[in-house]
Amino acid sequence: MSNGLLRIVETQLDLSLRMVEGEIEACPDALWNEKAGGFVFWQQILHALTGTLYWTREEGTLFEEPFKDREVFPELEAPPKGSVAKEELRDLAGRVRSQVGRLLAGRDDSWLAAPCGAYGGITNADALLGQVRHLMYHAGHCDSALRERGEAATEWLEVRP
């Protein structure tokens, strides 16, 4: 079966991850640990990446929140007690990319329509497209925080012919 649809979804997920990674680079140090829109700037990025890490893990794989020993609350349920550095979020983004790559390796379009392993009631396409939406929501939130402070927003990335 063709891999056309899978490649489209994979490309959109990659673009979304790249835009979130761009927020790490765009954020000035003075804003990194400040609240913006109710959450510490880096906590938004951690939340977005942690969600993708959760939803793209292989069925039966135990999920462990990154930096759990620091009380950084990736689910945004409380203000963080600890902190996460830019380099650590860059590394986490790399981990997410690797995991997504392993998940999609050897898959084809029919896999997109198949039930999503441990998550019941949704397809693999639902899980992946949900991550595209989730990543972009948080990239937009971070862009707004940057603009409110007179900083440049990250570049919008899209497929170019």
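Residues numbered from 1 in each chain as written. Predicted model: local features only at pLDDT ≥ 70, side-chain atom pairs only at ≥ 80, totals over all residues. Heavy atoms only, no water.

Trainee: Which parts of the structure should I look at to understand helix α1 (residues 4–26)?
Mentor: The periodicity of an α-helix, 3.6 residues per turn, causes residues three or four positions apart to be oriented the same way. Over its 23 residues, α1 runs 33 Å from end to end, which matches the ideal 33 Å to within 8%, given 1.5 Å per residue. Contacts from the buried residues of α1 go to α2 (29–32), α3 (41–55), α4 (86–104), α5 (109–113) and α6 (124–148). (Helix = DSSP H or I, 4+ residues; strand = E, 2+ residues; numbered from the N terminus. Expected span 1.5 Å × (residues − 1). Contact = heavy atoms within 4.5 Å.)

Trainee: Just checking my understanding: could you explain the environment of Ala 125 for this structure?
Mentor: Position of Ala 125 relative to the elements: it lies in helix α6. Residues within four places of Ala 125 in sequence aside, it is in contact with Leu 112 and Gly 130.

Trainee: Would you explain the nonpolar core in this entry?
Mentor: For soluble globular proteins, nonpolar side chains are generally found buried alongside one another. If you look at the biggest cluster of nonpolar residues, it comprises 41 residues, and the most contacted ones within it are Phe 41, Ile 45, Leu 49 and Leu 89. Within the residue set of this core, elements represented by two or more residues are α1, α2, α3, α4, α5 and α6. Those residues in contact with Leu 49 that lie beyond four places of it in its chain are Leu 17, Val 20, Leu 89, Leu 92, Ala 93 and Val 96. (Core = buried A, V, L, I, M, F, W, Y, C linked by side-chain atoms within 4.5 Å. Buried < 20%, exposed > 50% of the residue type's maximum accessible area, 1.4 Å probe, protein only.)

Trainee: Sorry, what's going on with the packing of α3 against α6 here?
Mentor: Between two packed helices, both the angle of their axes relative to each other and the distance between the axes serve to describe the pair. At a minimum axis separation of 10 Å, α3 and α6 run at an interaxial angle of 175 degrees. Classed by the angle they form, the pair α3 and α6 counts as roughly antiparallel. Mapping the contact onto sequence places Phe 41, Gln 44, Ile 45, His 47, Ala 48, Gly 51, Thr 52 and Trp 55 in α3 and Ala 127, Gln 131, His 134, Leu 135, His 138, His 141, Cys 142, Ala 145 and Leu 146 in α6. For the contact of α3 with α6, the per-class residue count stands at 9 nonpolar, 8 polar and no charged. (Axes fitted to C-alpha atoms, helices over the stretch in contact; angles between N-to-C directions. Parallel < 35°, antiparallel > 145°, perpendicular 65-115°, else oblique. Nonpolar A, V, L, I, M, F, W, Y, C, P; charged D, E, K, R; others polar.)

Trainee: Would you explain the environment of Pro 66 in this entry?
Mentor: Its location among the elements puts Pro 66 in the loop between α3 and α4. Taking the relative accessible area as the measure of exposure, Pro 66 reaches 6% and is therefore buried. Between the C-alpha atom of Pro 66 and that of His 47, which follows or precedes it by 19 residues, the distance is 10.0 Å. The contacts of Pro 66, once residues within four sequence positions are left out, are Leu 46, Thr 50, Leu 53, Val 72, Pro 74, Leu 92 and Arg 95.

Trainee: I'm lost on the packing of aromatic side chains in this one. Help?
Mentor: Within a pair of aromatic rings, the relevant descriptors are the distance that separates the centres and the angle that separates the planes. In this structure the tally under the stated criterion is 3 aromatic pairs. Ring geometry for Trp 32 versus Phe 41: centroids 6.3 Å apart, planes at 45 degrees, classification tilted. Side by side, Trp 32 and Phe 41 carry an identical accessibility label, which is buried. Pairing Tyr 54 with Phe 63 gives two aromatic rings, centres 5.1 Å apart and planes at 85 degrees, and the pair type is edge-to-face. Phe 63 sits in the partly exposed class, given a relative accessible area of 24%. Counting every residue linked through ring pairs, the aromatic cluster contains Tyr 54, Trp 55 and Phe 63. Against the face of Tyr 54 rests Arg 57, its NZ or CZ located 4.1 Å from the ring centre. (Phe/Tyr/Trp six-rings, centres within 6.5 Å; stacked < 30°, edge-to-face > 60°. Lys NZ or Arg CZ within 6 Å of the ring centre and 35° of its normal.)

Trainee: Before we go on, may I ask you to explain the packing of α3 against α4 in this structure?
Mentor: As a packed pair, α3 and α4 sit with axes 9 Å apart at the nearest point and diverge in direction by 20 degrees. As summarised for this structure, α3 and α4 are arranged roughly parallel, according to the angle between their axes. Relative to α4, the crossing made by α3 is left-handed. Along its contact with α3, which presents Trp 42, Ile 45, Leu 46, Leu 49, Thr 50, Thr 52 and Leu 53, the element α4 presents Leu 89, Leu 92, Ala 93, Arg 95, Val 96, Gln 99 and Val 100. For the contact of α3 with α4, the residue count by class is 10 nonpolar, 3 polar and 1 charged. (Left-handed = near helix turned anticlockwise from the far one by under 90°.)

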